[in-house]
Amino acid sequence: MRLKARFAGPLRGRARPPGDKSISHRALILGALAHGQTEIEGLLESEDVLCTAAAVRLFGAKAEQLDEKRWRVTGAGGFSQPHETIDCGNSGTAARLLMGAASGFKLSARFDGDQSLRKRPMNRIVAPLSQMGARFDAADNRLPLIMHGNALKGITYRSPVSSAQVKSAVLLAGLHAEGETVLIERERSRDHTERMLGVFGAAIDTIEIDGGQHPRVRASALHGANIYVPADPSSAAFPIAAALILNNSEISVEDVLVNPLRLGFYETLLEMGAKLTYEERRDPIGEPIANIVAHASKLNGVNPPARRAPSMIDEFPILAIVAAFAHGETRIVGAAELRVKESDRIGLMVEGLRACGVDAEELPDGLIVRGGGPKSVRGGASIRTQSDHRIAMSFLILGMASREPVTVDDAQMIATSFPNFIECMRSLGADIREV
Ligand code: S3P
């Protein structure tokens, strides 16, 4: 499916993007590992998350939709031998978290994924899980692979990358390992696994090492819990970016997860001069929530520090678009991880920005965008997305504010994270159509 976005004036109104992807995967997996029932309200019913729901069923749990976005998971207190391949689709989170969760059980499971996921590195979890005692039959440490679960031993693991997927895989394995498991990372990645493990009754705390606090888990039984899934800040980023760059816009994006470890993009926008406020802050579920109100703003280029990268890792594509409409240079560094996401996001963003007449340059670990202000972006290109959902959504936002419309070559994959993206954007005033 090809989509075209064109200028249609300011955005106005309120929107509630779908549930947070990270929390949705974790609620299903922890519910499946737990004893008893877990009810999840607001689950993101996207392709990625539905892969995880199908996977936990293959591992022996019951996962049923009660009504729209309300799910019940009945866990068996552990995973059993699956009789089919675990198909993780496009989702790195599904693959890596499920491998960690399954690695402490006596089972052998074959994991596979789509063309994009088959290219992504799995050695980052194969290495620590092997140290703990799991075994892998894997060519080149990529999918498809077979994982043989085992009696595990706890480890203290210094992760070479600040990745919540690696951290979560190791901590989930630690739930069924002898002794304690500690995960050390240089910059803290999102902490939803740690928070939710607490809610499910796991023996989790933090330990101080080298002056930093790091999560530690011991073998524990989980008990079913009630989980509420707020709106995903990584999806909210798209309408908010559009409102900032479209003159006279004013929108409120509601019920958004505002966990500080997910807010790097919003912090950077504020530094660029964005008129952005958090309203009605609340914390009913162990995760903070707020409405984010955004007004069209005069923006300046900015240099976000490299250490901020993990807290905005999924938002770099849309930040690069915002930077094109700002005045001056934005230099993104410390983001080499973007090369191993659903696509090489550095390469594709620079290619697409240049095709739209924006001055952009690749760096090994990021990119430079030289913005010329609101009217400077020509657009008028057909963008190659390599089926990456966030590349597709980012360039549709560009097309809403550029002088000429923008087409993206494949918008199908938007369903992996933001299934009602087009409806949501249209309800605020966007002109996005199938072509
Ligand atoms: C995720 C962690 C991030 C992020 C992904 C979701 C998670 O990946 O890019 O979309 O739910 O743990 P890394 O932790 O590998 O950077």
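Residues numbered from 1 in each chain as written. Predicted model: local features only at pLDDT ≥ 70, side-chain atom pairs only at ≥ 80, totals over all residues. Heavy atoms only, no water.

Visitor: Explanation requested: the overall build of the chain in the structure shown.
Guide: Helices and strands together make up the secondary structure of the chain, namely 13 helices and 25 strands. Here the chain has a C-alpha radius of gyration of 21 Å; the compact-globule value for 435 residues is 22 Å, and the two agree. Each principal axis of the C-alpha atoms in the chain carries an extent, and together these give about 60 × 45 × 45 Å. Of the accessible surface of the chain, which amounts to about 15600 Å², a share of 47% is contributed by carbon and sulfur atoms. Side-chain charges of the chain comprise 51 positive and 52 negative groups, with the mean position of each set lying 2 Å from the other. (Helix = DSSP H or I, 4+ residues; strand = E, 2+ residues; numbered from the N terminus. Rg over C-alpha atoms; globule rule 2.2 N^0.38 Å. Areas by Shrake-Rupley, 256 points an atom, 1.4 Å probe, with all protein chains shown as cover. Lys, Arg positive; Asp, Glu negative; His and termini not counted. Charge placed at Lys NZ, Arg CZ, Asp CG, Glu CD.)

Visitor: Explain the environment of Asn 141 here, please?
Guide: With respect to the helices and strands, Asn 141 occurs in the loop between strand E8 (135-138) and strand E9 (145-148). Of the residues examined, Asn 141 reaches a relative accessible area of 27% and is grouped as partly exposed. Sequence separation of Asn 141 and Pro 121 is 20 residues, and the distance between their C-alpha atoms is 6.7 Å. Among residues more than four places away in sequence, those in contact with Asn 141 are Pro 121, Met 122, Asn 123 and Val 126. (Buried < 20%, exposed > 50% of the residue type's maximum accessible area, 1.4 Å probe, protein only. Contact = heavy atoms within 4.5 Å.)

Visitor: Any chance you could explain the pattern of salt bridges here in plain terms?
Guide: Think of it this way: side chains of opposite charge can pair up when their charged atoms draw near. Across all of its chains, the model carries 41 salt bridges by this definition. In this structure, the salt-bridge partner of Lys 167 is Glu 185, at a minimum N-O distance of 3.2 Å. Of the two residues, Lys 167 is situated in helix H6 (residues 164-174) and Glu 185 in the loop between strand E13 (180-184) and helix H7 (192-199); the sequence distance between them amounts to 18 residues. Of the two residues, Lys 167 and Glu 185, both sit in the buried class. Note that Glu 287 is salt-bridged to Arg 195, the shortest N-O span being 3.8 Å. Taken together, the positions of Glu 287 in the loop between strand E18 (275-282) and strand E19 (289-295) and Arg 195 in helix H7 put the pair 92 residues apart, joining distant regions of the chain. (Salt bridge = Lys/Arg side-chain N within 4 Å of Asp/Glu carboxyl O.)

Visitor: Please explain the site of the ligand as it appears in this structure.
Guide: Every residue lining the ligand is accounted for by Lys 21, Ser 22, Arg 26, Thr 93, Ser 163, Ala 164, Gln 165, Arg 190, Ile 313, Asp 314 and Lys 341. Contacts to the ligand include Ser 22, whose side-chain N or O atom sits 2.7 Å from an oxygen atom. Calculation on the ligand without its partners gives an accessible area of 380 Å², and the protein chains cover 95% of this total. Broken down by secondary-structure element, the contributors of at least two residues to the shell around the ligand are helix H1 (21-33) and H6. Counted by class, the shell around the ligand contains two nonpolar, four polar and five charged residues. If you count residues domain by domain, the shell around the ligand takes at least three from each of domain 1 (3-19 + 230-434) and domain 2 (21-228). (Near = heavy atom within 4 Å. Polar contact = N/O pair within 3.5 Å; in protein donor to acceptor, adjacent residues only side chain to side chain. Nonpolar A, V, L, I, M, F, W, Y, C, P; charged D, E, K, R; others polar. Domains from an automatic or database assignment.)

Visitor: Is there a simple way to think about the sheet that holds strand E22 (residues 366-372) in this case?
Guide: Note: strands within a sheet are paired through backbone hydrogen bonds, in either parallel or antiparallel orientation. Pairing is antiparallel across the open sheet formed by three strands, whose spatial order is E20-E22-E21. The open sheet has two edge strands, strand E20 (327-332) and strand E21 (359-363), and neither has a second partner. In this sheet, adjacent strand axes meet at a mean angle of 10° when their direction is disregarded. Where helix H10 (residues 316-324) meets the sheet, it contacts E20 and E22, and its direction lies at approximately 25° from that of E22. (Pairing = 2+ DSSP bridges. Axes fitted to C-alpha atoms, helices over the stretch in contact; angles between N-to-C directions.)

Visitor: I tried to follow the nonpolar core on my own but got confused; where do I start?
Guide: One broad rule of soluble globular proteins: the nonpolar side chains tend to lie buried together. In terms of nonpolar packing, the biggest core is built from 81 residues, with Leu 353, Phe 395 and Phe 421 touching the most fellow members. Residue contacts for Phe 395: discarding those within four places in its chain leaves Ile 321, Leu 348, Met 349, Gly 352, Leu 353, Cys 356, Ile 383, Val 406 and Val 408. Counting 68 residues, the second largest nonpolar core, distinct from the first, contains Phe 59, Ala 95, Ala 134 and Val 170. (Core = buried A, V, L, I, M, F, W, Y, C linked by side-chain atoms within 4.5 Å.)

Visitor: Explanation requested: the domain arrangement of the chain in the structure shown.
Guide: You'll often see interface size given as the accessible area lost when the parts meet. Parsing the chain into structural domains produces domain 1 (3-19 + 230-434) and domain 2 (21-228). Relative placement of domain 1 and domain 2: their C-alpha centres are 29 Å apart. Between domain 1 and domain 2, the residue contacts involve 31 residues of the former and 26 residues of the latter. Note on domain 1 versus domain 2: buried area summed over both sides is about 2400 Å², and carbon and sulfur give 50% of it. Seen at the junction of domain 1 and domain 2, the total is four salt bridges. When the shortest N-O distance is used, the salt bridge between Glu 342 and Arg 120 registers 3.9 Å. Linking domain 1 with domain 2 are 14 residue pairs in polar contact (both at pLDDT 80 or more), by the criterion used here. The set of elements that each furnish at least two residues to the side of domain 1 that touches domain 2 consists of strand E17 (250-257) and helix H12 (389-401). (Buried area = accessible area lost by both parts, 1.4 Å probe.)

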